[in-house]
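Structural description and commentary
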Protein chains: 2
Amino acid sequence: MAYELHYWPAIQGRGEFVRLALEEAGADYADVARQDGIDGGIDGMMAGLDAPPRPPFAPPYLRDGDLVIGQTAAILLYLGPRLGLVSESEADRIWTHQIQLTIADAVAEAHDTHHPIASGLYYEEQLPEAARRAEDFRTHRIPKFLGWLERVLTANPDGPRHLVGGRLSYADLSLFQLVEGLAYAFPQATERALGHTPKVVALHRLVAARPRIGTYLASDRRIPFNEDGLFRRYPELDG
Amino acid sequence: MAYELHYWPAIQGRGEFVRLALEEAGADYADVARQDGIDGGIDGMMAGLDAPPRPPFAPPYLRDGDLVIGQTAAILLYLGPRLGLVSESEADRIWTHQIQLTIADAVAEAHDTHHPIASGLYYEEQLPEAARRAEDFRTHRIPKFLGWLERVLTANPDGPRHLVGGRLSYADLSLFQLVEGLAYAFPQATERALGHTPKVVALHRLVAARPRIGTYLASDRRIPFNEDGLFRRYPELDG
């Protein structure tokens, strides 16, 4: 039975980390809300949040038969072994998950640059706060997160091509997506930070060159970045 | 060999979710940075962040022999089976983890009420932004998170005493700590929200009444809440 991904149909958002794993593995999956059109898709997705006995808090969530799993990192924890995107050993799996959770923290902070006060308000209702938070994110947080990923690559006993061991994991795919998102939202600040993290740049390129990822990125399944998503290009927040 | 918890020695913070699990299980553990005094303890803890080959991004981190694990939720994912604080089944484990990750999101948002702009700035440097963010957190987010936990308890086929199945898990302990923290930081708003979530209130009481948790809470191992931690009582942010 195909995996069912339930997520907002018009943004990459957090769902994109799951899409990339499914695409890289060539998995049979349905991006359910997209199939039903924007409005109908959203209604169905939201209805799924009320599904007992284990209601997810928010999209994305994955349905695999009777099992429903929310929280992006938990979805990848579940899918990793099934898609061949994580090592067999428990130590490697927990390390891969730890990296994913840290990338998730970076993603949440990137979101909060345009919504530092409330997700329920428009960006235009929190402009001065967004300007302050984005300045800190550009100056301190982007270099800190990318610098940590560079250190992880540098310290990998199997070499700096991958984050964990000597082969591709879902954490590598998520690094790719984090760099993509940061480079879209904060092109100047991200280019500066990446100047200090050559191994992160190399892994981003390696993932982009994977055949299935390349095919996916060129397809209409890849939703373009836009200003409804997590990573938004507001030039006034870059610099 | 004893587990080593490495965390800030003068706050509950994120480390408290790990401490509660270790205490409930009666596990042999060392709260390393506290043993070395505030200043020496912090130096040692920070030095551990540079430890190759798998450097944690931030405290807390756990050392179990050669294994070092950062990210609170990943630590609990690892400890859960070892401490008997999660069920055997994969479906239950991933659900427990999903709840933990959602509680972690609530904790991060609670932190950002007093630091909506930058963790590197003092609260006093972001007062107007904190007031706005806290208002949204009180009005929308506390009820949403506690309401979701109430729905999870209500929908549990094994009854509403526990979040997962019919016995205590680390997610129950984390619910306790979330409620403790919210009630400390936002006493009025939290009391209002808890008026709508009687099952959350009952589970909070059940955890507090566990013998080992009771002993722990009454001991000097339980650091009092204070205004250096995640949950801070600034009366101007409550209401």
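Residues numbered from 1 in each chain as written. Chains lettered and ligands numbered in written order. Predicted model: local features only at pLDDT ≥ 70, side-chain atom pairs only at ≥ 80, totals over all residues. Heavy atoms only, no water.

**Things to note about the overall build of chain A**
- Secondary structure assignment for chain A yields ten helices and four strands.
- Computed over C-alpha atoms, the radius of gyration of chain A comes to 18 Å, within 12% of the 18 Å expected from 2.2 N^0.38 for 239 residues, which places it in the range of a compact globule.
- Along the three orthogonal principal directions, the C-alpha set of chain A runs to about 50 × 45 × 30 Å.
- Looking at the 239 residues of chain A, the share that counts as buried comes to 59%.
- Counted over contacts in chain A with a minimum sequence separation of 6, partners at least 24 positions apart contribute 71%. (Helix = DSSP H or I, 4+ residues; strand = E, 2+ residues; numbered from the N terminus. Rg over C-alpha atoms; globule rule 2.2 N^0.38 Å. Buried < 20%, exposed > 50% of the residue type's maximum accessible area, 1.4 Å probe, protein only. Contact = heavy atoms within 4.5 Å.)

**What about the layout of surface pockets?**
- One number sums up the size of the second largest pocket: a volume of about 480 Å³.
- Taken together, 21 residues line the second largest pocket, and the ones lying closest to its centre are Leu-77 and Arg-93 of chain A together with Leu-77, Glu-90 and Arg-93 of chain B.
- Residue assignment for the lining of the second largest pocket shows that the elements contributing at least two residues are α4 (72–83) and α5 (90–114) of chain A together with α4 (72–83) and α5 (90–114) of chain B.
- The element that contributes the greatest number of residues to the lining of the second largest pocket is α4 of chain B, accounting for five residues.
- Broken down by class, the residue content of the lining of the second largest pocket amounts to 13 nonpolar, one polar and seven charged. (1 Å grid on protein atoms, 1.4 Å probe; cavity = no way out; pocket = protein on both sides within 12 Å on 5 of 7 lines; lining within 4 Å. Points joined across faces, edges and corners; volume = space filled by probe spheres on them. Nonpolar A, V, L, I, M, F, W, Y, C, P; charged D, E, K, R; others polar.)

**As for the packing of helix α7 (residues 170–185) of chain B against helix α9 (residues 198–208) of chain B**
All names here are of chain B.
- Running from N to C, α7 and α9 cross one another at 105°; their axes reach a closest spacing of 9 Å. On the basis of their axis angle, the class for α7 and α9 is roughly perpendicular. Packed against α7, whose contacting residues are Asp-172, Leu-173, Leu-175, Phe-176, Val-179 and Glu-180, the element α9 presents Val-200, Leu-203, His-204, Val-207 and Ala-208 at the interface.
- Taken together, the residues of the contact of α7 with α9 sort by class into eight nonpolar, one polar and two charged. (Axes fitted to C-alpha atoms, helices over the stretch in contact; angles between N-to-C directions. Parallel < 35°, antiparallel > 145°, perpendicular 65-115°, else oblique.)

**A few points about the environment of Tyr-184 of chain B**
All names here are of chain B.
- Following the sequence through the fold, Tyr-184 ends up in helix α7.
- Taking relative accessible area as the criterion, Tyr-184 reaches 17% and is therefore assigned buried.
- Residues Tyr-184 and Pro-9, spaced 175 residues apart in sequence, show a C-alpha to C-alpha distance of 19 Å.
- The contact partners of Tyr-184, leaving out residues within four places of it in the chain, are Phe-225, Asn-226, Glu-227, Phe-231, Arg-232 and Arg-233.

**Comments concerning the relation of the copies chain B and chain A**
- Turning chain B through 180° and shifting it by 0.0 Å along the axis lays it on chain A, with an RMSD of 0.0 Å. Expressed as a symmetry operation, the mapping of one chain copy onto the other fits a two-fold axis. (Least-squares fit on C-alpha atoms with pLDDT ≥ 70 in both.)

**Brief notes about the sheet that holds strand β2 (residues 29–31) of chain B**
Residues and elements named next belong to chain B.
- In space, the four strands of this open sheet follow the order β2-β1-β3-β4, with mixed pairing throughout. Strand pairing shows two members of the sheet lacking a second neighbour, β2 and β4 (67–70), which therefore form its edges. Each strand of the sheet is rotated relative to its neighbour by a mean of 20°, with strand direction disregarded.
- Relative to β4, strand β3 (residues 61–64) runs antiparallel, the two sharing four bridges. Across the sheet, Tyr-61 pairs through a bridge with Gly-70, a residue of β4. (Pairing = 2+ DSSP bridges.)

**Topic: the interface of chain B and chain A**
- The partner chain A presents 49 residues to the 49 residues of chain B that form the contact.
- Carbon and sulfur atoms make up 57% of the area that chain B and chain A hide from each other, which totals about 4200 Å².
- Three residues stand out in chain B for area buried against chain A, namely Arg-54, Phe-57 and Arg-132 of chain B, and they jointly supply 19% of the buried area on that side.
- For the pair chain B and chain A, the interface holds ten salt bridges. (Buried area = accessible area lost by both parts, 1.4 Å probe. Salt bridge = Lys/Arg side-chain N within 4 Å of Asp/Glu carboxyl O.)

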